[in-house]
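Chains, contacts and geometry: an overview
Below, each chain spelled out in residue letters.
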Amino acid sequence: MGLVGGIGSGKSTIARRASERFGFALIDGDAAGHRALTMNDVRNQLKERFGDGIFSTDGSVERSALARRVFGASAEHAAAKADLERITHPVIRQEFREKIASATASGAPAVLLDAAVLFEAGWQEFCDGVVYVDAPDEVRHSRIAERGWTAADWRRREASQMSLDEKRRRANMVISNAASLDEAVDALVAAVGEMCDRSFVESTSVAGSTV
Ligand code: ATP
């Protein structure tokens, strides 16, 4: 099941909690993207495309420098973002395929793919359905205040993603995470159950087992 929503809507938090309570397997799209940047083949291609300016002295990709090149309204930003995706997405997709296969093999009751850019990247092809996590702008802003982003950083990132209205329209279901986290998790689990025609039982505290 895919999870989309605005920045700070609580996708990752809901997914983690659903995993703790119901044993759902998690795939973190952001983490997969970050891992892709550590792979030699990816780094070599990025160096060819973006030059040395996006690398730290230890040879790792400096994500903030890369973000400045790809998040923005200009045609140059859009071309840079398309090239970044051309380089990293095959690796990310491979990771998704492997994680879904291993979660299925280990009997996980469901797999959640938490990826803000799921629709932009076409990753709904991995999903039986997509849930949109809704929270008002002011709630999202206050939740992520600790990230220390400026208003300009926020706008650049949101502008580089599909509009929230469009994401909501494309999703199969909408859940609210404006208030209680556990209510949002309950709504997610009900949505997954409805879309997959299954019911889920809360896990005990024994890791990995469902009773
Ligand atoms: P991003 O798209 O940037 O990855 P996200 O949608 O995954 O963001 P989270 O990182 O899960 O959002 O949540 C943002 C912050 O909001 C976190 O600090 C989280 O603890 C907090 N948060 C999420 N849901 C709730 C809730 N229901 N009540 C209070 N705080 C919440």
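Data block above holds the structure.
What you are looking at is a predicted structure, and each value in this text was computed from that prediction instead of being measured. (Residues numbered from 1 in each chain as written. Predicted model: local features only at pLDDT ≥ 70, side-chain atom pairs only at ≥ 80, totals over all residues.)

1. A few points about the site of the ligand
Here is the rule: In this analysis, residues qualify as near a molecule or strand once their C-beta atom, positioned from backbone atoms, comes within 6 Å of it. Secondary structure follows DSSP: runs of H or I at least 4 residues long count as helices, runs of E at least 2 residues long count as strands, and numbering of each begins at the N terminus. All amino acids are sorted into three groups, where Ala, Val, Leu, Ile, Met, Phe, Trp, Tyr, Cys and Pro are nonpolar, Asp, Glu, Lys and Arg are charged, and the leftover types, Gly among them, are polar.
Contacts to the ligand come from 15 residues, most closely from Gly10, Lys11, Ser12, Thr13 and Arg143. Among the elements of the structure, α1 (11-22) and α10 (181-196) are those that each provide at least two residues to the shell around the ligand. With 3 residues, the single largest contributor to the shell around the ligand is α1. When grouped by side-chain class, the residues that make up the shell around the ligand number 5 nonpolar, 7 polar and 3 charged.

2. Quick notes on the packing of helix α3 (residues 40-50) against helix α5 (residues 75-105)
As a reminder, the rule being used: A fitted line through C-alpha atoms represents every axis, and for helices the fit uses only the stretch in contact; the resulting angles, taken between N-to-C directions, go from 0 to 180 degrees. When an angle is under 35 degrees it counts as roughly parallel; over 145 it counts as roughly antiparallel; between 65 and 115 it counts as roughly perpendicular; any other value is oblique. Residues are defined as contacting one another if the C-beta atoms placed from their backbone atoms lie within 7 Å.
α5 packs onto α3 with a crossing angle of 175 degrees between their chain directions and a minimal axis gap of 10 Å. When the interaxial angle is binned, α3 and α5 end up roughly antiparallel. Touching Val42, Gln45, Leu46 and Arg49 of α3 are Asp83, Ile87, Thr88 and Val91, all from α5. Residue classes in the contact of α3 with α5 are distributed as 4 nonpolar, 2 polar and 2 charged.

3. Here we look at the pairing of strand β1 (residues 2-5)
Rules: Buried, partly exposed and exposed are defined by the number of other C-beta atoms within 10 Å of a residue's own C-beta, namely 20 or more, between the two limits, and 12 or fewer respectively, with C-beta atoms placed from the backbone. By this definition, two strands are paired if DSSP reports at least two bridges between them.
Because side chains alternate across β1, one face comprises the buried residues Gly2 and Val4, and the other comprises Leu3 and Gly5, equally buried. Bridge count for β1 against strand β3 (residues 111-114) is 2 bridges, and the pairing is parallel. Within the sheet, the bridge partner assigned to Gly2 lies in β3 and is Leu113.

4. Details of the pairing of strand β4 (residues 130-134)
Most of β4 sits inside the fold, with 5 of its 5 residues counted as buried. Where burial is concerned, the two faces of β4 agree: the one with Val130, Tyr132 and Asp134 and the one with Val131 and Val133 are both buried. Summarising the sheet, β1 and β4 pair through 4 bridges and their orientation is parallel. Bridge pairing in β4 links Val4 to Tyr132.

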